[in-house]
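# Architecture and fold: a report
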Amino acid sequence: HDLSILDFILPGGVVPVAISAQGADPLGVGHPCIGYFSMQLSNGAIAHAHLNWLSPTKVRTTIVGGSKKMAVWDDLNPGQRLSIFDTGVELGTLSETELTKALVSYRTGDMIAPVIDGTEALHMVMGEFASAIREGRAPATDGMAGLRVLEELTAIQKSVGGGGSPVPLQVTREGQM
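These lines cover the structure that appears in this document, whether it is placed above or below. (Residues numbered from 1 in each chain as written. Predicted model: local features only at pLDDT ≥ 70, side-chain atom pairs only at ≥ 80, totals over all residues. Heavy atoms only, no water.)

## Some thoughts on the overall build of the protein
Heads up, the condition is: Strands here mean DSSP runs of E at least two residues long; helices mean DSSP runs of H or I at least four residues long; both are numbered from the N terminus. To sort residues, take the accessible area from a 1.4 Å probe on protein chains only and compare it with the maximum for the residue type: under 20% means buried, over 50% means exposed, and anything in between is partly exposed. Two residues qualify as a contact provided that any one of their heavy atoms is within 4.5 Å of a heavy atom in the partner residue. By the counting rule applied here, Lys and Arg register as positive and Asp and Glu as negative, while His and the ends of each chain are not counted. Charge coordinates come from a single atom per side chain, which is NZ of Lys, CZ of Arg, CG of Asp or CD of Glu.
A count of helices and strands for the protein gives three helices and eight strands. Tracing the protein from N to C terminus, the helices and strands come up as α-β-β-β-β-β-β-β-α-α-β. Taken over 177 residues, the protein has a buried fraction of 20%. Sequence separation of at least 24 residues holds for 40% of the intrachain contacts in the protein that already meet a minimum separation of 6. Averaged over its 12 positive side-chain charges, the protein has a centre that lies 1 Å from the centre of its 18 negative ones.

The structure is reproduced here in structure tokens:
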């Protein structure tokens, strides 16, 4: 799910270029039960996820940091699943004589928690897919989105098997290889 969400929310022109992943199998079941991945993006940013099937505490939180705001999705908090924070960091301008000084200002503003429709996500996805068929248009997430996620999953497995070495990605947002 994390990869599908990331694929959907990435801004135009920003694509994953490589993935590094590590996993552990502390129970000896033959596959990792705990894992991490970091994805390098074409704009220099990264995406990171921690997955743990063994944890007694379930955490289903996604944090997206943007240039102007931050969004926090907490799937286990039905009363406030989405929080949007008007926060950020702004860098000041330095003169040549002040190169050793960093002018960083932290901006903290309001937080809003919009009301979110409580309809089950799978129901909404299937409804959108059916609408796309009826309307003769491409669905919001198509087969190319599935191909991109499949390539990322394959790269994660390869990276885990290679001790965490980065694995380059080939499928673009337009689906060209």
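## A look at the sheet that holds strand β3 (residues 46–52)
Heads up, the condition is: Two strands form a pair only when DSSP identifies at least two bridges running between them. Comment: axis = line fitted to C-alpha atoms, over the contacting stretch for helices; angle = value between 0 and 180 degrees taken between N-to-C directions.
Spatially, the four strands line up as an open sheet ordered β3-β2-β1-β8, and their pairing is antiparallel. In this open sheet, the two edge strands, each paired with only one partner strand, are β3 and β8 (167–168). Sheet topology note: the strand β1 (residues 16–24)/β8 ladder contains two bridges and is antiparallel. Paired with isoleucine 19 across the two strands is valine 167, which belongs to β8. The strands touched by helix α3 (residues 143–161) are β1, β2 (34–41) and β8; relative to β1, the strand with the most contacts, the crossing angle is about 50 degrees.

## Thoughts on the packing of helix α1 (residues 2–9) against α3
Rules: Oblique is the label for any angle not covered by the other classes, which are roughly parallel (under 35 degrees), roughly antiparallel (over 145) and roughly perpendicular (65 to 115). Handedness of a crossing follows from how the near helix is turned relative to the far one, being left-handed for an anticlockwise turn of less than a right angle and right-handed for a clockwise one. Just so you know the grouping, Ala, Val, Leu, Ile, Met, Phe, Trp, Tyr, Cys and Pro go in nonpolar, Asp, Glu, Lys and Arg go in charged, and all remaining residues, Gly too, go in polar.
Where α1 contacts α3, the two axes come as close as 10 Å, and the packing angle between them is 130 degrees. Taken together, α1 and α3 sit at an angle that is classed as oblique. You can see that α1 and α3 cross each other, and the crossing is right-handed. Of the residues in α3, those touching α1 at Leu3, Ser4 and Asp7 are Ala145, Arg148, Val149, Glu152, Leu153 and Ile156. For the contact of α1 with α3, a count of residues per class yields five nonpolar, one polar and three charged.

## Topic: the pairing of β2
Side chains Gly35, Phe37, Met39 and Leu41 of β2 all project onto a buried face; the interleaved residues Ile34, Tyr36, Ser38 and Gln40 project onto a face where none is buried. Judged from the eight bridges that link them, β1 and β2 form a sheet pairing that is antiparallel. Pairing of alanine 21 across the sheet is with phenylalanine 37, part of β2. As paired elements, β2 and β3 share seven bridges and run antiparallel to each other. From the neighbouring strand, isoleucine 34 faces β3, where its bridge partner is asparagine 52. Hairpin connection of β2 to β3: four residues between the antiparallel strands, including glycine 44 at a positive phi of 95 degrees.

## Describing the nonpolar core
Rules: Throughout, nonpolar core names a set of buried Ala, Val, Leu, Ile, Met, Phe, Trp, Tyr and Cys residues whose side chains join them through atoms within 4.5 Å.
Core analysis: the biggest nonpolar cluster contains 16 residues, and Leu3, Ile19, Phe37, Met39 and Ile156 have the highest contact counts within it. Elements with a contribution of two residues or more to this core: α1, β1, β2, β3 and α3. Sequence-distant contacts of leucine 3, that is, excluding residues within four places in its chain, are made with Phe37, Met39, Val149, Glu152, Leu153 and Ile156.

## Side note on the pattern of salt bridges
Note the following rule: Note on definitions: salt bridges are taken to be side-chain nitrogens of Lys or Arg within 4 Å of carboxyl oxygens of Asp or Glu.
Under the definition given, this model contains four salt bridges. Across the salt bridge formed by aspartate 7 and arginine 148, the nearest N and O atoms sit 2.6 Å from each other. Here the residue aspartate 7 occupies a position in helix α1, and arginine 148 occupies one in helix α3, the gap between them amounting to 141 residues. For the residue pair aspartate 7 and arginine 148, the accessibility class agrees, reading buried in each case. Taking the shortest distance from any N to any O, the salt bridge between aspartate 75 and arginine 81 comes out at 3.6 Å. Here arginine 81 falls in the partly exposed class, since its relative accessible area comes to 23%.

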